[in-house]
Amino acid sequence: MKLLGLCGSLRAASTNHALLQAAAREVPAGVQLQVFEGLGAIPLFSPDADEAVPAPAPVAALRRAVAEAEGLVIACPEYAHGIPGAFKNALDWIVGSNEMTDKPTTFLAASVPPRGLLVREALIEVLGAMSARLVLDCCGAVPLMGKRPEEAARILAEAVHRQTLRASLEAFVGAIRVR
Ligand SMILES: Cc1cc2nc3c(=O)[nH]c(=O)nc-3n(C[C@H](O)[C@H](O)[C@H](O)COP(=O)(O)O)c2cc1C
């Protein structure tokens, strides 16, 4: 089974990206989680640009990656109580092309509630409008906010957090297989 990790941060030292990479090491047997690395190359969306045939290459890569994945794992920071512009922009490119329709989608959080709850609510609203199949009872959280890469790596190597990621992914894969 192929899962796709989508990181909402473009920051080089992103804790959300580190979280997804750590999650990729904790997948159940027979499952691969690949993190999409092309978010920063996606052009600004407009309905006019959306009419271009073929679509811009970075957009085509995103659409293909989402279409080929059996499930999406999103890790996204909160910016000003909402979704970072670059990530919302990427989502806008797949509204009309429909790759999200019925796509099993879950979240991992690189911060601990109440931090990040507003972006989670915003993503639920947006992804719901895109007809994704949200799986919300397996969203693990790891306290990485504000951590530098070395400290984030140390935290992610701790057994308790590895277990959180493993349990989240097992539950997500289980939910995908039920359907
Ligand atoms: C422009 C900006 C706005 C932010 N706004 C919020 C916010 O509204 N709520 C919050 O909890 N954190 C906020 N943060 C903190 C980020 O969510 C936090 O630094 C996050 O861990 C960064 O993720 P990353 O390490 O993957 O880049 C903001 C950060 C930036 C840069």
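Residues numbered from 1 in each chain as written. Predicted model: local features only at pLDDT ≥ 70, side-chain atom pairs only at ≥ 80, totals over all residues. Heavy atoms only, no water.

## Examining empty space enclosed by the protein
Using the following cut-off: Cavities and pockets are found on a 1 Å grid laid over the protein atoms alone: a cavity is a set of points where a 1.4 Å probe fits but cannot escape, a pocket is an open set with protein on both sides within 12 Å along at least five of seven lines, and a lining residue has an atom within 4 Å of such a point. Grid points are joined across faces, edges and corners, and a volume is the space filled by probe spheres set on the points. Numbering of helices and strands runs from the N terminus; a helix is a DSSP stretch of H or I covering at least four residues, while a strand is a stretch of E covering at least two. Ten residue types, Ala, Val, Leu, Ile, Met, Phe, Trp, Tyr, Cys and Pro, are classed as nonpolar, four, Asp, Glu, Lys and Arg, as charged, and the remainder, Gly among them, as polar.
For the coordinates displayed, the defined rule picks out one cavity of 30 Å³ or more. The volume enclosed by the largest cavity comes to roughly 30 Å³. Broken down by element, the residue count for the lining of the largest cavity peaks at three residues, all from helix H4 (residues 85-93). In the lining of the largest cavity, the residues fall into six nonpolar, no polar and no charged.

## Topic: the pattern of salt bridges
Short version of the rule: Put simply, a salt bridge is a Lys or Arg side-chain nitrogen that is within 4 Å of an Asp or Glu carboxyl oxygen. A 1.4 Å probe rolled over the protein chains alone gives each residue an accessible area, and that area as a share of the maximum for its type sets the label: buried under 20%, exposed over 50%, partly exposed in between.
Tallied over the full model, the rule gives eight salt bridges. Here Glu26 and Arg166 are joined by a salt bridge, their closest N and O atoms 3.0 Å apart. Highlighted residues: Glu26 in the loop between helix H1 (15-24) and strand E2 (32-35) and Arg166 in helix H7 (residues 159-178), separated in sequence by 140 residues. Residue class for Glu26 comes out buried when judged on its relative accessible area of 6%. Given the relative accessible area of 30%, Arg166 is considered partly exposed. Taking the shortest distance from any N to any O, the salt bridge between Lys147 and Glu151 comes out at 3.8 Å. A residue is classified by how much of its surface remains accessible, and Lys147, at 28% relative accessible area, is partly exposed. Using a relative accessible area of 33% as the deciding quantity, one classes Glu151 as partly exposed. One continuous salt-bridge network, built from bridges that share partners, spans Lys147, Glu151, Arg154 and Glu158.

## Concerning helix H6 (residues 149-156)
Heads up, the rule is: It is the directions from the helix axis to the C-beta atoms whose arc is reported. Any two residues whose heavy atoms approach within 4.5 Å at even a single point are treated as in contact.
All buried positions along H6 are accounted for by Ala152, Ile155 and Leu156. With its buried residues spanning 95 degrees around the axis, H6 presents them on a single face. The inward-facing, buried residues of H6 abut H1 and H7.

## Some points on the site of the ligand
The criterion, for reference: A molecule or strand has a residue near it when one of that residue's heavy atoms lies within 4 Å. What qualifies as a polar contact is a pair of N or O atoms within 3.5 Å, subject to a donor-acceptor requirement within protein and to the restriction that residues adjacent in sequence count only when both atoms come from side chains. For a molecule to be placed in a cavity or pocket, more than half of its atoms must lie within 2 Å of the grid points of that cavity or pocket.
Lining the immediate environment of the ligand, one finds 13 residues, of which Ser9, Arg11, Ser14, Thr15 and Arg115 sit closest. Interatomic distance of 2.7 Å between a side-chain N/O atom of Ser9 and an oxygen atom of the ligand. Comparing atom positions with the cavity grids shows the ligand to sit within the largest pocket.

## Overview of the nonpolar core
Applicable threshold: By nonpolar core we mean a set of buried residues, namely Ala, Val, Leu, Ile, Met, Phe, Trp, Tyr and Cys, connected to one another through side-chain atoms within 4.5 Å.
Of all hydrophobic cores here, the largest spans 27 residues; its most connected members are Phe87, Leu123 and Leu127. Listing elements by their share of this core, those giving two or more residues are strand E1 (2-7), helix H3 (57-68), strand E3 (71-75), H4 and helix H5 (117-129). Core analysis: the second largest hydrophobic core is formed by 26 residues, Met1, Cys138, Val142 and Ala152 among them.

## Things to note about the side chain of His17
Within the element layout of this structure, His17 appears in helix H1. Under the relative-accessibility criterion, His17 is labelled buried at 18%. Sequence-distant contacts of His17, that is, excluding residues within four places in its chain, are made with Cys7, Val35 and Glu37.

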